[in-house]
Amino acid sequence: MSSLTVNKKTRRIIPGFHLSLGYTMLYVSLLVLLPLSMIFIHTMSLSWAEFIDIVTAPRAVASYKVSFSTALAAGLLNVIFGTIIAWVLVRYSFPFKRIIDGLVDLPFALPTAVAGIALTSLYAPNGWIGQFFNFKIAFTPLGIIIALTFIGLPFVVRTVQPVLQNISAEVEEASASLGATRLQTFRKVIFPELAPAILTGFSLAFARALGEYGSVVFIAGNMPMKTEITPLIIMTKLEQYDYAGATAIAVVMLVTSFILLFSINLIQWLANRRFVH
Amino acid sequence: MEQSTFIQQVASEKNNAVTKSAALQEPRFVRYTLTFIALAFLAFFIVLPLVSIFSTAFQKGVGVYVAAITHPDAMAAIKLTLTVVAIAVPLNAIFGVMAAWALTKFNFKGKNLLLTIVDLPFAVSPVIAGLVFILLFGSQGLFGDWLFEHDIKIVFALPGIVLATVFVTLPFVARELIPLMQTQGTSEEEASISLGANGFKTFWYVTLPNIKWGLLYGLVLCNARAIGEFGAVSVVSGHIRGMTNTMPLHIEILYNEYQFAAAFAVASLMSVIAIITLIVKDIVAWKSKSA
């Protein structure tokens, strides 16, 4: 996402420019651009009124609310606990730290369907954890939040961790020697450095959560208007061979994620600019 | 958008040894509380799910476990998943090297746009990743009639599953190699070329040894996602038992039929692969740091 620059003079010394660029362009055109453009081409078969009808249907709107609110809640949980975990992993020492550090990446490595059934059985009313609560967790929006928190955790930890490691001790020493308490040093020195990373981690986790399907379908209960996420609406429409309807909802999701992707890049660009000046 | 990039991991280990003095450390009870919160959170969200998978898988005994894994449908699912991975991962590895070569060794207009396009699959919901191939190759799709006339099956068959998997895992290798090759620059390749080596020799003897750990790291991530992809594959598979069910889809079917022990048995197999992935990842990150 950062801009890449190579010295102009070196341009033609190294061979393979046309081959590698041509191959790359062909590959992404056939496998990314052509398939994704189908979404927009296919939506053209709908009139504007039909499109609006589909994407503002009560069940679709309810699903946006479920997807958006649960992804937001999971993102915020990850900001709080992900930052604490990153902090503890960088600053403190405790037994089995290296193994625990490695386990943070489990949500990236574990298939989402496996995570989905494991979390469902844990948080179901008769599950290991669910039995200790007198309210339902699985099959409610709470369950969706749990699945999305699991999926998003590594994003926040792995964006905050390197930034925290690179904060030089001198800056904190300077702050302390000038009479700042530990809390003041954290608030005024450390946190401003971490903020862009936390925001990036949140956006990545949030974007992933909006589109997540595998881990959520098992734990959500999938009740229309209550615990139905937007990707499931697309799935249901596809199973009914309602391709136009599925595509219209997909347009809403795609546009939302592109806006998010753009905002993430903007945040990173602004953060980089701040450090340059 | 995969943030645990290779470079960050390497760079991050350097500053690990921060010397602590009293003014620079939190009070003991704060340290203990934060450590407790972090470990408790990881216990509930990471460790317990993992333990529950293996415990449920074996709750009806080893016999049921073995029967679930050696069931013909399960074996067919394992075989299909391995086939898909064997096609999709090498394709994206070659693409990743090509894209990284083009994007880091040369200057051209629209470079940042191309970089964004390479990243695009990470921003797309897996369900949409499946949907786009239905729109291209399904019966109502762009090439639907032509494929029907020529009796070629893409969706609800192996090619569709491979395409969806390739789409979803496309950026992994490229995203690891691009920042790595960017920091390595072009001087070594230029030296090799000016000494008379051809392009392929330069790549094989100069570039590849420099990027091998990054490449392996990308491959491991790509492989894990390819094995476990659920949403995209679910859309294009058609769920034909013993034919187009991958391992995650097989788990879904067993789970929905309340065959929990069997579902978790297959899930435990996938969890072992996930744990091996984490270990290999750790070794590769460590190797690249010492190299």
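If you look chain B up in an unreviewed UniProt entry, it shows as Sulfate transport system permease protein CysW from Lysinibacillus xylanilyticus. Looking at chain B in UniProt, the text filed under Function (unreviewed entry) is "Part of the ABC transporter complex CysAWTP (TC 3.A.1.6.1) involved in sulfate/thiosulfate import. Probably responsible for the translocation of the substrate across the membrane." Per UniProt, the comment on chain B under Subcellular location (unreviewed entry) is "Cell inner membrane".

The name given to chain A in an unreviewed UniProt entry is Sulfate transport system permease protein CysT, and the organism recorded there is Lysinibacillus xylanilyticus. Under the heading Sequence similarities (unreviewed entry), UniProt records this for chain A: "Belongs to the binding-protein-dependent transport system permease family. CysTW subfamily." Per its UniProt entry, chain A bears the Subunit (unreviewed entry) comment "The complex is composed of two ATP-binding proteins (CysA), two transmembrane proteins (CysT and CysW) and a solute-binding protein (CysP)."

Draft legend 1. Inspection of the domain arrangement of chain B at higher detail. All names here are of chain B. Assigned domains within chain B: domain 1 (27–58) and domain 2 (61–290). One C-alpha centre belongs to domain 1, the other to domain 2, and the line joining them spans 30 Å. Contacts between domain 1 and domain 2 engage seven residues on the former and 11 residues on the latter. Surface buried jointly by domain 1 and domain 2 totals about 760 Å² across both partners, of which 80% is contributed by carbon and sulfur atoms. Its largest share of buried area at the contact with domain 2, domain 1 owes to Ile53, Ala57 and Phe58, together 60% of the area lost on that side. The interface formed by domain 1 and domain 2 contains zero salt bridges. At the boundary of domain 1 and domain 2, one finds one residue pair in polar contact (both at pLDDT 80 or more). Grouping the amino acids of the side of domain 1 that touches domain 2 by side-chain chemistry returns five nonpolar, two polar and no charged.

Draft legend 2. Highlighting the UniProt feature "transmembrane region" (unreviewed entry) in chain A. In this structure's numbering, the residues bearing the UniProt feature "transmembrane region" (unreviewed entry) are residues 21–41, 68–90, 102–125, 137–157, 197–223 and 243–267 of chain A. Secondary structure across residues 243–267 of chain A divides into 100% helix and 0% strand, with the first and last C-alpha atoms of the span separated by 36 Å.

Draft legend 3. Seen up close, the interface of chain B and chain A. Chain B puts 107 residues into the contact, and the matching count from chain A is 101 residues. Taken together, both faces of the contact between chain B and chain A bury some 9,800 Å²; the carbon and sulfur share is 76%. Counting across the interface, chain B meets chain A through three salt bridges. Across the salt bridge formed by B:Asp282 and A:Arg98, the nearest N and O atoms sit 3.0 Å from each other. At the surface where chain B touches chain A, the tally comes to 10 residue pairs in polar contact (both at pLDDT 80 or more). When residues in the side of chain B that touches chain A are grouped by element, the largest group, 19 residues, is from helix α2 (residues 28–57) of chain B. Residue composition of the side of chain B that touches chain A, by class: 67 nonpolar, 26 polar and 14 charged.

Draft legend 4. Layout of the domain arrangement of chain A. Residues and elements named next belong to chain A. According to the domain assignment, chain A contains domain 1 (16–45) and domain 2 (47–272). A C-alpha centroid distance of 29 Å is found between domain 1 and domain 2. It is Ile39, Phe40 and Thr43 that lose the most area in domain 1 upon contact with domain 2, and together they represent 61% of the buried surface on that side. The tally of links between domain 1 and domain 2 comes to zero salt bridges. Summed over the shared surface of domain 1 and domain 2, the result is zero residue pairs in polar contact (both at pLDDT 80 or more). Within the side of domain 1 that touches domain 2, the residues separate by chemical class into three nonpolar, three polar and no charged.

Draft legend 5. Highlighting the UniProt feature "domain: ABC transmembrane type-1" (unreviewed entry) in chain A. Under the local residue numbering, the UniProt record ascribes the feature "domain: ABC transmembrane type-1" (unreviewed entry) to residues 64–264 of chain A. Taken end to end, residues 64–264 of chain A is 77% helix and 0% strand, and its two terminal C-alpha atoms sit 21 Å from one another.

Rules used throughout
- Residues numbered from 1 in each chain as written.
- Chains lettered and ligands numbered in written order.
- Predicted model: local features only at pLDDT ≥ 70, side-chain atom pairs only at ≥ 80, totals over all residues.
- Heavy atoms only, no water.
- UniProt positions renumbered as here; feature names shortened; annotations may be inferred.
- Domains from an automatic or database assignment.
- Contact = heavy atoms within 4.5 Å.
- Buried area = accessible area lost by both parts, 1.4 Å probe.
- Salt bridge = Lys/Arg side-chain N within 4 Å of Asp/Glu carboxyl O.
- Polar contact = N/O pair within 3.5 Å; in protein donor to acceptor, adjacent residues only side chain to side chain.
- Nonpolar A, V, L, I, M, F, W, Y, C, P; charged D, E, K, R; others polar.
- Helix = DSSP H or I, 4+ residues; strand = E, 2+ residues; numbered from the N terminus.

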